[in-house]
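# Results of the structural survey
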Amino acid sequence: TETRPKAIQFGDGMLVYLRGINHNPDADPEDMVSLRLWVTKDRVISARRKHRKLFSVQDTKEELEKGYIPGSPIDLMINIITKIADRISETVDMLDEDLTEFEALDKSEKQDILKLSAVRRQAANIRRYLAPQRDALDAIYRFNKSLNQEQAFELHDQTERMTRYVEDLDLVREHAIVLQDEIRNTISEQQGMRMYVLSLVTAIFLPLSFLTGIFGMNVAGLPGTEEPQAFNYLALSMALLAVVLLVTMLWKKWF
């Protein structure tokens, strides 16, 4: 039941656990499919869970049907590993392209942060299996004494590929974090500017509200209650006060 990628030597055979990209319908690529391999000098037995096809194995099967026959079970295993790495490469490149395209967009909405979070989660989940898979391939390279020079070179090359993909996923995750920070800063700046404008508008209307409150009191003794032009004088004074406040704010470069 433990499907973490690894390689274990048992007598003259080796048990290899690998993970491949999940390209099944309605499946998330980061929900990687587990492949178990039992490899000896004269046979390879593979196993997986039902209804979870691994397209990398299907690619190898198609090559066999077309007449490409590996020279040994080890060559078949390396071929499967290569196909798995090819599918992983496509997914890593796709994530990087998505971030590059996203960076060119006018992004300032909160749903953009959710999209980047999905990319970060996908990259993190894939990397979680690629790091031990790299170690598993390295273990095959170091412990399998039956490898010839060409097989050892191919396996070492696939190990290096896994290392590059792990590093690429780290860069994708860091790139997504930087883009998320930029979006958050943009949203914060927009919200801060809106609050700043509201504060300035409030500062202009605060003294005007004070005047309307004073002259709106229904008590005796208020100046201008017997003067027909009192309202016009008050309205003009309030307009002049608003203009003075606005000019003062512009002069102080508050706007």
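Below: a short report on this structure. (Residues numbered from 1 in each chain as written. Predicted model: local features only at pLDDT ≥ 70, side-chain atom pairs only at ≥ 80, totals over all residues. Heavy atoms only, no water.)

## Remarks on helix α5 (residues 230-251)
Quick reminder of the rule: Starting at the N terminus, helices and strands are each numbered in turn, a helix being any DSSP run of H or I of at least four residues and a strand any DSSP run of E of at least two. Under the convention used throughout, the expected extent of a helix is 1.5 Å for every residue step, that is, one less than its residue count. Every residue pair with non-hydrogen atoms within 4.5 Å of one another is taken to be in contact.
Between the first and last C-alpha of α5 there are 31 Å, a value that for 22 residues agrees with the 32 Å anticipated at 1.5 Å per step. Its buried side turned inward, α5 meets α4 (149-215). Backbone geometry just after α5 places Lys253 at a positive phi near 60 degrees.

## Remarks on the nonpolar core
For soluble globular proteins, the rule of thumb is that nonpolar side chains tend to be buried together. Applicable threshold: Take the buried residues of types Ala, Val, Leu, Ile, Met, Phe, Trp, Tyr and Cys, join any two whose side-chain atoms come within 4.5 Å, and each joined set is a nonpolar core. To sort residues, take the accessible area from a 1.4 Å probe on protein chains only and compare it with the maximum for the residue type: under 20% means buried, over 50% means exposed, and anything in between is partly exposed.
If you look at the biggest cluster of nonpolar residues, it comprises 45 residues, and the most contacted ones within it are Val16, Leu37, Met77, Ile88, Leu130 and Ile140. Of all the secondary structure elements, the ones that give two or more residues to this core are β2 (13-20), β3 (33-39), α2 (73-103), α3 (110-143) and α4. For this core, the element with the most residues is α2, which contributes twelve residues. Residues in contact with Met77, not counting those within four places in the same chain, are Val16, Leu37, Val39 and Ile140. Residues Leu200, Leu234, Met238 and Met249 belong to the second largest nonpolar core, which totals seven residues.

## Quick word on the sheet that holds strand β1 (residues 6-10)
As a general point, the strands of a sheet are linked pairwise by backbone hydrogen bonds and lie either parallel or antiparallel. To keep things clear, this is the line we draw: Note on pairing: DSSP must find at least two bridges between two strands before they are called paired. In this description, a line fitted to the C-alpha atoms serves as the axis of each element, helices being fitted only across the stretch in contact, and the angle between N-to-C directions of two axes falls anywhere from 0 to 180 degrees.
With respect to topology, four strands assemble into an open sheet ordered β1-β2-β3-β4, the strand pairing being antiparallel. Looking at the sheet topology across the chains shown, the edges are occupied by β1 and β4 (44-47). Sheet twist, expressed as the mean angle between neighbouring strand axes with direction ignored, is 15 degrees. Packed on one face of the sheet, α2 meets β2, β3 and β4 and runs near 165 degrees to β3.

## Considering the packing of α2 against α4
Working note: a packed helix pair is described by the angle between its axes plus the distance between those axes. Here is the rule: Relative orientations are named as follows: roughly parallel for angles under 35 degrees, roughly antiparallel for angles over 145 degrees, roughly perpendicular for angles from 65 to 115 degrees, and oblique for any other angle. Left-handed describes a crossing whose near helix is turned anticlockwise from the far helix through less than a right angle; right-handed describes the clockwise counterpart.
Put simply, α2 and α4 touch, their axes get as near as 10 Å, and they point 20 degrees apart. It follows from the interaxial angle that α2 and α4 lie roughly parallel. When you trace α2 past α4, the crossing you get is left-handed.

## Some words on the pairing of β4
Looking down a regular strand, the side chains alternate between one sheet face and the other. Two elements, β3 and β4, share four bridges in a ladder whose sense is antiparallel. Pairing of Val39 across the sheet is with Val44, part of β4. The hairpin formed by β3 and β4 contains four residues between the paired strands.

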